[in-house]
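# Structure at a glance
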Amino acid sequence: MSYLSGTPSALPDQPVPTIDPKVERLAHIVVDGLIARLAAEPATPATSLLENLADQFQEAAALRRLGVVRRTPTSETAATPRPVRSQGASGEQPHRSA
């Protein structure tokens, strides 16, 4: 129900959505095929997936500590070291002239 100016009023009757039986049958065939494919694949335990993810995070952290930056797939190398900038002994930022 909707309210206009504080008084309740019913929405007009909406047409019942209908699905073409051919489309519905095709959707069932596609879903059943996907279920069959997934059922045929060997299952990977969740702990194995989590351990793999943990290993990838540790490797990414190690590469980040080394200053390795991932390049785009079009580059010749997968990763190259990033140049390290030193801030001097006092830790001051370089001054820019206007």
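The structure presented is a predicted model; accordingly, all values stated were derived computationally and were not measured.

What follows concerns the overall build of the protein. Looking only at helices and strands, one finds two helices and four strands in the protein. Walking the protein from its N terminus toward its C terminus, one meets helices and strands in the order β-β-α-α-β-β. Within the protein, buried positions represent 2% of all 98 residues. Accessible surface, the protein as shown: approximately 9,900 Å² in total, 60% of it carbon and sulfur.

Our next topic: the confidence of the model for the protein. Per-residue pLDDT for the protein averages 75, and the proportion of residues at 70 or more is 63%. Looking at the elements of the protein, mean pLDDT is at its lowest for strand β1 (residues 2-4), recorded as 54, and at its highest for helix α1 (residues 21-40), recorded as 91.

A few words now on helix α2 (residues 46-65). The periodicity of an α-helix, 3.6 residues per turn, causes residues three or four positions apart to be oriented the same way. For α2, built from 20 residues, the straight-helix expectation of 28 Å at 1.5 Å per residue is met to within 8% by its first-to-last C-alpha distance of 29 Å. Where burial is concerned, little of α2 is hidden: zero out of the 20 residues are buried. G67 occupies a position one or two residues after α2 and carries a positive phi of about 80°.

For the rest of this paragraph, the subject is a nonpolar patch on the surface. The grouping of L26, V30 and L34 at the surface amounts to a nonpolar patch, some 280 Å² of accessible area in total. Examined against the element boundaries, L26 turns out to sit in helix α1.

Reading guide: rules and limits
- Residues numbered from 1 in each chain as written.
- Predicted model: local features only at pLDDT ≥ 70, side-chain atom pairs only at ≥ 80, totals over all residues.
- Heavy atoms only, no water.
- Helix = DSSP H or I, 4+ residues; strand = E, 2+ residues; numbered from the N terminus.
- Buried < 20%, exposed > 50% of the residue type's maximum accessible area, 1.4 Å probe, protein only.
- Areas by Shrake-Rupley, 256 points an atom, 1.4 Å probe, with all protein chains shown as cover.
- pLDDT = per-residue confidence, 0-100.
- Expected span 1.5 Å × (residues − 1).
- Patch = residues over 30% accessible without salt bridge, like charges linked within 9 Å, V, L, I, M, F, W, Y side chains within 5 Å.
- Salt bridge = Lys/Arg side-chain N within 4 Å of Asp/Glu carboxyl O.

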